[in-house]
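Next come the chains, spelled out residue by residue.
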Amino acid sequence: MLCPTLTVLAASLLAACGGGGDSSGFIALPSPPSQPAGPSSSNVTVSGVLTASAFKPGSSTDPVINAGYYAGATVCVDTNNNGRCDSGETSVVTDANGKFSLSLPSASALIADIGTNAKNTATNTNVTTREVLRVTLDQVNEQGTAVVISPLSSEVARLIEANSTTYAVEKQNLATRLGVPVASLLGDVNTASGNVQTALLNEANALNNRFAYATTKLDRGDKFPDALANPGGDPRLNGMAGVTAATATVVDNRKPITFLQSQQAAFNVEGIPRYDNIFIVMLENKATMSILNSAYAPKINGYLKAGNQLVSYYATGNPSEPNYTALGGADDWGITDDSQWNCDATGANAVQDLPTPDNTQPGLSKSPFAATCTQKVAVNHNIVGKPNLFNAITNAGLTWRTYSESMNPGQDFRTDSVADAKVTAQDNVYAPGTLGGNTTAVGNATLTLPLPAGLYKTKHHPGMAYQNVRSAPEWKYSNRTMGGGQWDANLKNSLDYTIPASYDYDQLGTDLASGNVGNLNFLVPDQCDDMHGITVVGTDGVTKASDCSSVANNVSASAVSPIITRGDNYVDYTVKRIQASPLWQNPQKRVAIVLMFDEGNATSGFNSCCGWNVANSTKANPLKQNADGTWSVDATINNYTNGNRGHGESIFGILTNQANAPKGVSDSDAYSHFSFVRTLQDMFQLADPANDASYMNRSKYTEAFIAANILNLPEYTGSADTHFDSVRPINHAFVIPASYAQKQSGDVSTTAQVGPDANQFNVWSLKQ
């Protein structure tokens, strides 16, 4: 019986990767047998094709990925496992149709060394960076003279190594994850069709990005692991000028990365494993002390305990709009209000997605959008040409969605929702014991509430301020509705706008059922369900809704707060919907839910961290990269220094569908919205840790970057704690020194922690 081994295994490989490169150590593996040299009459013929794919930009719906082959690539037996087809190794070059044929003494695992002289027939252009793909011995034996080397065959090889399993197991697991027949998984994607081909091409595109990056890391001689994933902390900082010595004690013992390490590291960028889908549930305006252990938020607290949590998570702006803008692109660009996205958008910042959605446009007579907006502070609210998560996701051939609740049917996504007397709902009633331990019912079942204005607000859209996002071809397609609102049942009665045919009042529910959600999903409840609060008055003109009046951002956890319970219930409803979906229930899919708030309450002291405008400095400016790779100050952003000043701490919970992932982890390192944006870039492999410029805006402000550019970043001069003030991914790699007292804002009522956490499990880990 043939033992399902890989002949391309080497002696140093990450263990405990959980199928996604989530690393915690090493495992020794056997070296491959050497290949006999010279032809023989008993040789076997191994032949097949090397498949390719290519993302085609510009789709107004989901990404278009074309299939093709690699012509002019080298296929060989990689005898020394160095990820190259060296001279002396049995090899052949693929023909114009990606075909190859090798005569070997015996069947063997193969690699495809795809150099920049190779051509991708999907684009009819040469590849831009070297990539190595693999095929296991088991697949070669299975396919014989019809071997298909592809990103998917490479992924099966990687998963076998990551999970210490077998070819049959990982082939089935990957087919289950993609929802395709196992017999189709490793076939020629060019001959597949329909939904199967689409699923295979989408995965091939994502895998191509990863394996090309893995090869780049190998060829560059990167050290392993990435500096910010190094257990204990960033080893580059030891002895570096301009960093706090007490938190920069780790010695750099890393070695140049090996081929097999690079294959795993590309799926674990800076210690962040690859996820298929993440759902970010956005809540509003509550400090940590207002939610943690509150009787008015029992369900959120239950999820914090059931999953993992960050206990020192900071906002980066004040009020809402700058925080959402920062979540979209790791900077608020000096915005310090909730004004329209066209405010002071002149000159190079002029609005491009014309006409604006004001009430002069056909079908928008009820629109509240102001065609012009000029303010005294003259801060541009229309961010032009700056990198952001939405464009980055699209440019990688991945997908994003923003799901928003309680919009007027037929309204333009770019303007706030309006009141509609034709759409009504009854007041919510809370039975005894369901609202902070109430002893009598709260609410009035006979009170009728007309739909109020402003349930949906553009200030709560993380992509709204970015011109490049609103102008993107997929903008309309990727902005969608989310149900569960108090007025949903009667939205069909709306007369404010013409309701489109087949309008879906709950696209999130539809997408969860079909699986057509984004890789990145922002879920934005309305201003009652997100705990923000607005005034909602009944048809009697006097009586207010039982549970939509706002409470202070730092309201006591014991104070009567119906709106917190309302938001708590909506979170529970939303989480349960996601967890009931086929997506979440597929154990091979890697899916996460984040529960977070945009901001807390503190405006002074340690009211932010991690890339912030330190201590409300008046010296900050963004940076721009020069042609020679150096950095200089960009002084063109008016009143930029007023932004990025933070607004306290709030809870941050993480749930995953991975049964073997660690649970109950509390990571007390300091993180901010900028840290989260960096984490998402790592999760979807949108950036390269070796290239600071690849990280968008302030998410590049690591301790090492700030120290190297301190003359251009005067807000960090004299920092008393460069670790606290700088950005790192949310990976729990930094071990807090024994004498280090955690910094806190006034939004936290617990005693500051001294010393390290109970464990260093990564909150995103796929398995322990």
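Everything in this summary refers to the structure shown in the same document. (Residues numbered from 1 in each chain as written. Predicted model: local features only at pLDDT ≥ 70, side-chain atom pairs only at ≥ 80, totals over all residues. Heavy atoms only, no water.)

## Some remarks on the packing of aromatic side chains
(1) Moving on: Considering all chains together, one arrives at 16 aromatic pairs under this definition.
(2) Moving on: Ring centres of Tyr 570 and Tyr 573 lie 5.7 Å apart, and the angle between their planes is 45°; this geometry places the pair in the tilted category. Residue Tyr 570 and its partner Tyr 573 are located together in helix α14 (residues 562-579), separated by 3 residues, close to a single helical turn.
(3) Moving on: Assessed through its relative accessible area of 33%, Tyr 573 is described here as partly exposed.
(4) Moving on: Between Phe 652 and Phe 676, the ring centres sit 5.1 Å apart and the planes meet at 90°, which makes this aromatic pair edge-to-face. Residue Phe 652 is located in strand β27 (residues 649-656), and its partner Phe 676 is located in helix α16 (residues 673-683); the two are separated by 24 residues in the primary sequence. An identical accessibility class is assigned to Phe 652 and Phe 676; each is buried.
(5) Moving on: Linked through ring pairs, Phe 390, Trp 400, Trp 475 and Phe 522 together constitute an aromatic cluster.
(6) Moving on: Lying over the aromatic face of Phe 267, Arg 158 brings its terminal NZ or CZ to 3.7 Å of the ring centre.
(7) Moving on: Here the basic side chain of Lys 743 rests over the ring of Phe 724, its NZ or CZ set 5.9 Å away from the ring centre. (Phe/Tyr/Trp six-rings, centres within 6.5 Å; stacked < 30°, edge-to-face > 60°. Helix = DSSP H or I, 4+ residues; strand = E, 2+ residues; numbered from the N terminus. Buried < 20%, exposed > 50% of the residue type's maximum accessible area, 1.4 Å probe, protein only. Lys NZ or Arg CZ within 6 Å of the ring centre and 35° of its normal.)

## What about helix α5 (residues 194-220)?
(1) Moving on: The end-to-end C-alpha distance of α5 is 39 Å, a good match for the 39 Å that 27 residues give at a rise of 1.5 Å each.
(2) Moving on: Trailing α5 by a residue or two, Gly 221 shows a phi angle of about 75°, which is positive. (Expected span 1.5 Å × (residues − 1).)

## Considering the nonpolar core
(1) Moving on: Counting residues in hydrophobic clusters, the biggest one holds 74 residues, and the most contacted among them are Ile 278, Ile 280, Leu 520, Phe 676 and Trp 764.
(2) Moving on: A per-element tally of this core places α16 first, with 5 residues.
(3) Moving on: Leave out the neighbours within four places in its chain, and Ile 278 touches Asn 519, Leu 520, Asn 521, Ala 592, Val 594, Phe 676, Leu 680, Met 683, Phe 684 and Trp 764.
(4) Moving on: Of all hydrophobic cores here, the second largest spans 44 residues; its members include Ile 149, Val 189, Phe 267 and Val 269. (Core = buried A, V, L, I, M, F, W, Y, C linked by side-chain atoms within 4.5 Å. Contact = heavy atoms within 4.5 Å.)

## A closer look at the packing of helix α8 (residues 298-306) against α14
For any two helices packed against each other, one specifies the crossing angle of their axes together with the interaxial distance.
(1) Moving on: Orientation of α8 relative to α14, taken along the N-to-C sense of each, is 50°, at an axis distance of 7 Å. Classified by the interaxial angle, the pair formed by α8 and α14 is oblique. Contact with α8, carried on its side by Pro 298, Lys 299, Ile 300 and Tyr 303, involves Asp 568, Asn 569, Val 571, Asp 572, Val 575 and Lys 576 of α14 and no other residues of that element.
(2) Moving on: Across the contact of α8 with α14, the residue classes tally to 5 nonpolar, 1 polar and 4 charged. (Axes fitted to C-alpha atoms, helices over the stretch in contact; angles between N-to-C directions. Parallel < 35°, antiparallel > 145°, perpendicular 65-115°, else oblique. Nonpolar A, V, L, I, M, F, W, Y, C, P; charged D, E, K, R; others polar.)

Geometric descriptors of this kind do not, in isolation, establish any biological role.
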